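Given next are the chains, with one letter for each unit.
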Amino acid sequence: MKDMLVRLIGLPDIRDLEKKLGVKEKITFRRAIAPEKHLVSEWVKKEFGDYWQSEVEISFSRLPVSCWIAQRSNELLGFACYESTARNFFGPTGTLEGERGKGIGKVLLIKSLESLRELGYAYAIIGGVGPAEFYEKAVGAKEIEGSETSIYQNLLRKP
């Protein structure tokens, strides 16, 4: 998997999409807070695995927490982290399979990228991209040539 680069100036305006999802789907988007670390971490492990759980846990060590979540009532629907594996990196991120295609991931992505922009970055790296087309369409991300060898190349794996 390759990394992608995204320009943080001129990100798409998601206010209408966020409002629509709030009204139609009853979804709230917000930054996670420390008391719910165990709940978010356990959910991410269950839905997406150990590695992403580790990255999410690091995001809770930042102040403010560098993890955005989407919820409907007391149900977690998606998450997006930034600066959990490396400075200026976006990810991991995920949305429940049954909730995909509604725009939840796009809102979480852009809220995270806006947070990176607020830290003073002009560009951000999306590390180890799976759905490149999603990032190209959502925020105009471009593949970084030669990034097949990435920060994840020597990642320890369970035997």
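Keep in mind it's a predicted model, so treat the numbers as computed, not measured.

What follows is about the pattern of salt bridges. Overall, the coordinates contain 14 salt bridges when judged by the stated rule. Among the ionic pairs, E99 bridges to K102, the shortest N-O distance being 2.6 Å. A cluster of three or more residues bridged by salt bridges with shared partners is formed by E25, R72, E75, E99 and K102.

Its 12 residues give helix α2 (residues 37-48) an end-to-end C-alpha distance of 16 Å, which sits within 8% of 16 Å, the value for a rise of 1.5 Å per residue. The set of residues buried in α2 consists of V40, S41, W43 and V44. Looking straight down α2, one finds that the buried residues subtend no more than 165° of arc, so they occupy a single side. Residues of α2 that are exposed and point more than 90 degrees away from the buried face comprise L39 and K46. Buried residues in α2 make contact with α3 (50-59), β3 (67-72), β4 (75-82) and β5 (89-95). Two residues or fewer after α2 comes G49, characterised by a positive phi angle close to 105°.

Glancing now at helix α4 (residues 104-118). Look at α4: 21 Å from first C-alpha to last across 15 residues, which is about the 21 Å you get at 1.5 Å a residue. The buried fraction of α4 is high, at 11 of 15 residues. Taken as a whole, α4 has its buried residues at I104, G105, V107, L108, L109, I110, K111, S112, L113, S115 and L116.

Moving on, we come to the sheet that holds β4. Spatially, 7 strands are ordered β2-β3-β4-β5-β6-β1-β7 in an open sheet, and the strand pairing comes out mixed. Among the strands making up the open sheet, the edge pair consists of β2 (27-31) and β7 (142-143). The strands touched by helix α5 (residues 132-139) are β1 (4-7), β5 and β6 (123-126); relative to β1, the strand with the most contacts, the crossing angle is about 10°.

Core analysis: the largest hydrophobic core is formed by 42 residues, its most contacted members being L113 and V139. Elements that contribute at least two residues to this core include exactly β1, β2, α2, β3, β4, α4, β6 and α5. Ranked by residue count, the leading element in this core is α4, at 7 residues. Ignoring sequence-local partners within four residues, the contact set of V139 consists of V6, L11, P12, L109, I110 and L113.

Take the pairing of β6 next. With burial as the criterion, only one face of β6 is covered, namely that bearing A124 and I126; the residues Y123 and I125 on the opposite face remain uncovered. Two strands pair when backbone bridges link them, and β1 and β6 are joined in this way by 4 bridges, in the antiparallel orientation. Each bridged residue has a counterpart across the sheet, and for M4 the counterpart in β6 is I126. In terms of strand pairing, β5 meets β6 through 2 bridges, oriented parallel. The residue bridging F89 from the neighbouring strand is I125, located in β6.

For the pair α4 and α5, interaxial distance at closest approach is 11 Å and the crossing angle is 65°. Here α5 runs roughly perpendicular to α4, going by the angle between their axes. For the pair α4 and α5, the crossing hand works out as right-handed. Only F134, Y135, A138 and V139 of α5 make contact with α4, whose side of the interface consists of G105, K106, L109, I110 and L113. A breakdown of the residues in the contact of α4 with α5 according to their chemical character gives 7 nonpolar, 1 polar and 1 charged.

How each quantity is defined
Residues numbered from 1 in each chain as written. Predicted model: local features only at pLDDT ≥ 70, side-chain atom pairs only at ≥ 80, totals over all residues. Heavy atoms only, no water. Salt bridge = Lys/Arg side-chain N within 4 Å of Asp/Glu carboxyl O. Helix = DSSP H or I, 4+ residues; strand = E, 2+ residues; numbered from the N terminus. Expected span 1.5 Å × (residues − 1). Buried < 20%, exposed > 50% of the residue type's maximum accessible area, 1.4 Å probe, protein only. Arc of directions from axis to C-beta. Contact = heavy atoms within 4.5 Å. Pairing = 2+ DSSP bridges. Axes fitted to C-alpha atoms, helices over the stretch in contact; angles between N-to-C directions. Core = buried A, V, L, I, M, F, W, Y, C linked by side-chain atoms within 4.5 Å. Parallel < 35°, antiparallel > 145°, perpendicular 65-115°, else oblique. Left-handed = near helix turned anticlockwise from the far one by under 90°. Nonpolar A, V, L, I, M, F, W, Y, C, P; charged D, E, K, R; others polar.

The quantities given are spatial measurements derived from coordinates; they are silent on function.
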